[in-house]
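Here is how the chains run, residue by residue.
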Amino acid sequence: MAETWYGEAPVPDPPRMTPGGWVRVVLRAVPLVTLVFGGLIVMLLVRLIERPIYGLRRPVTPYITQCVCRGFFVILGMTHKTVGHPMKGPGAVVANHVSWLDVFALNLRKRIYFVSKAEVSQWPGVGWLARATGTVFIERNRRSAAAQVALFRERLAVGHKLLFFPEGTSTDGQRILPFKPTLFAAFFDPAFGDALQIQPVTLCYQAPDGQDPRYYGWWGDMRFGGSMVTMLATPRHGRVTVIYHDPVKVAAFDDRKQLARATEGMVRSGLLRHRGPQIDKG
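Predicted, not measured: the structure shown is a model, and the values here were computed from it. (Residues numbered from 1 in each chain as written. Predicted model: local features only at pLDDT ≥ 70, side-chain atom pairs only at ≥ 80, totals over all residues. Heavy atoms only, no water.)

> When you look at the environment of E167 in this model, what are you seeing that I'm missing?
Among the secondary structure elements, E167 is positioned in the loop between β5 (161-164) and β6 (197-206). Its relative accessible area of 2% is what places E167 among the buried residues. For the pair formed by E167 and E3, sequence separation is 164 residues and the distance between their alpha carbons is 9.5 Å. Here E167 is in contact with A95, N96, H97, R175, I176, L177, P178, F179 and K180, once residues within four sequence places are set aside. In terms of polar contacts, E167 uses its side chain to reach the backbone amide nitrogen of H97, at 2.7 Å. A distance of 2.8 Å separates the side chain of E167 from the backbone nitrogen of L177, its partner in a polar contact. (Helix = DSSP H or I, 4+ residues; strand = E, 2+ residues; numbered from the N terminus. Buried < 20%, exposed > 50% of the residue type's maximum accessible area, 1.4 Å probe, protein only. Contact = heavy atoms within 4.5 Å. Polar contact = N/O pair within 3.5 Å; in protein donor to acceptor, adjacent residues only side chain to side chain.)

> Where do I start with helix α2 (residues 61-76) in this structure?
The α-helix advances 3.6 residues per turn, and as a result positions three or four apart in sequence lie on the same side. Here α2 contains 16 residues, and its C-alpha end-to-end distance of 23 Å stays within 8% of the 22 Å for a straight helix at 1.5 Å per residue. Here α2 has its buried residues at T61, P62, I64, T65, Q66, V68, C69, G71, F72, F73 and L76. Structurally, α2 contributes buried residues whose contacts are with α1 (19-54), β1 (79-83), α3 (102-107), β3 (112-117), α6 (224-233) and β7 (239-244). Phi turns positive one or two residues past the end of α2, at G77, with a value near 80°. (Expected span 1.5 Å × (residues − 1).)

> Any chance you could explain the pattern of salt bridges here in plain terms?
Any two side chains of opposite charge can pair, so long as their charged atoms come close to each other. Tallied over the entire structure, the rule returns 5 salt bridges. A salt bridge links R153 to D189, with the shortest nitrogen-to-oxygen separation between them at 3.6 Å. One end of the pair, R153, is in helix α5 (residues 145-157); the other, D189, is in the loop between β5 and β6, and 36 residues separate them in sequence. Given the relative accessible area of 34%, R153 is considered partly exposed. Across the salt bridge formed by D212 and R214, the nearest N and O atoms sit 3.0 Å from each other. Looking at D212, the relative accessible area reads 27%, which means it is partly exposed. (Salt bridge = Lys/Arg side-chain N within 4 Å of Asp/Glu carboxyl O.)

> How should the packing of α1 against α6 be read in this particular structure?
Geometrically, a packed helix pair is captured by the angle between its two axes and the distance between the axes. Between α1 and α6, whose axes approach to 7 Å, the crossing angle comes to 100°. Between α1 and α6, the crossing angle belongs to the class labelled roughly perpendicular. Seen from α1, the contacting residues are G21, W22, R24, V25, R28, A29 and L32; seen from α6, they are V229, M231, L232 and A233. Tallied by class, residues from the contact of α1 with α6 come to 8 nonpolar, 1 polar and 2 charged. (Axes fitted to C-alpha atoms, helices over the stretch in contact; angles between N-to-C directions. Parallel < 35°, antiparallel > 145°, perpendicular 65-115°, else oblique. Nonpolar A, V, L, I, M, F, W, Y, C, P; charged D, E, K, R; others polar.)

> Please explain the packing of aromatic side chains as it appears in this structure.
Each aromatic ring pair is characterised by the separation of its centres together with the angle its planes make. In the structure shown here, the tally under the stated rule is 14 aromatic pairs. The interplanar angle of 75° and the centroid separation of 5.3 Å between the aromatic rings of W100 and F224 together place this pair among those described as edge-to-face. Taken together, the residues span a long stretch of sequence, with W100 in the loop between β2 (91-95) and α3 and F224 in helix α6 at a distance of 124 residues. In this structure F224 comes out as partly exposed when scored by relative accessible area, which is 38%. (Phe/Tyr/Trp six-rings, centres within 6.5 Å; stacked < 30°, edge-to-face > 60°.)

> Got a minute to help me understand the pairing of β6 in this structure?
Looking down a regular strand, the side chains alternate between one sheet face and the other. Counted residue by residue, β6 has 9 buried out of 10 residues, so it is predominantly covered. Pairing of β6 with strand β8 (residues 248-249) involves 2 bridges; the strand directions are antiparallel. The partner of Q197 across the bridge, within β8, is K249. Summarising the sheet, β6 and β7 pair through 6 bridges and their orientation is antiparallel. Considered in β7, the bridge of C204 is made with T241. (Pairing = 2+ DSSP bridges.)

This is the structure in structure tokens:
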């Protein structure tokens, strides 16, 4: 089970809401809800045709997800930048976890499928979206290890890129927590052969001018609703940079712990380069 990260410093108080802030919330919320759930309806209709023909493969619906994510940032007024290139070929993606915004940022350029704890599938609203976009739900315990390998193998066999957050929790965006090696073990199954690759990705958020550097973090006891309102009310947003590092071959490592340490180091180096030496090293 993932543990919530709280950190040593207290969570900053949310910005004081002004009448203008509430106006921005409404003006952005209406088109965002229309975009997200309109996209969901279109995706489900397309999936009615796509699934009988292609099964697990999804040649069309991921593009709908990407369009929704691009539109999300346009409506929010937040800029995004990409460094490097998404990998080609079979494999998985690992990234640091900062916020619920990560889902939109990571779907912008890469056709990916998130690996999430099983409980998320039961969350109202979020669970529906996750299931519709092909999220892989897993039980995080040793008893389910064999089933996880089988599930990963099935999804990778049809060309899916699986993405998971090895920190196991979101943070304030100013650090990289140690990567938990548990999920890495599945990729050492002999059934995957020697071609399987892992691509580390760094998410780096730049706060709006004059705001706390942790502005886009989502951690501790912060609630999704409050964070969403803050994002909608923000007059001028900052930027998110998505850094794609060179993929590494799983076969080049002796075990899951070695692979976890190596990918963690690459993700941390990306944050250091773009945030500077002031970040906390976790």
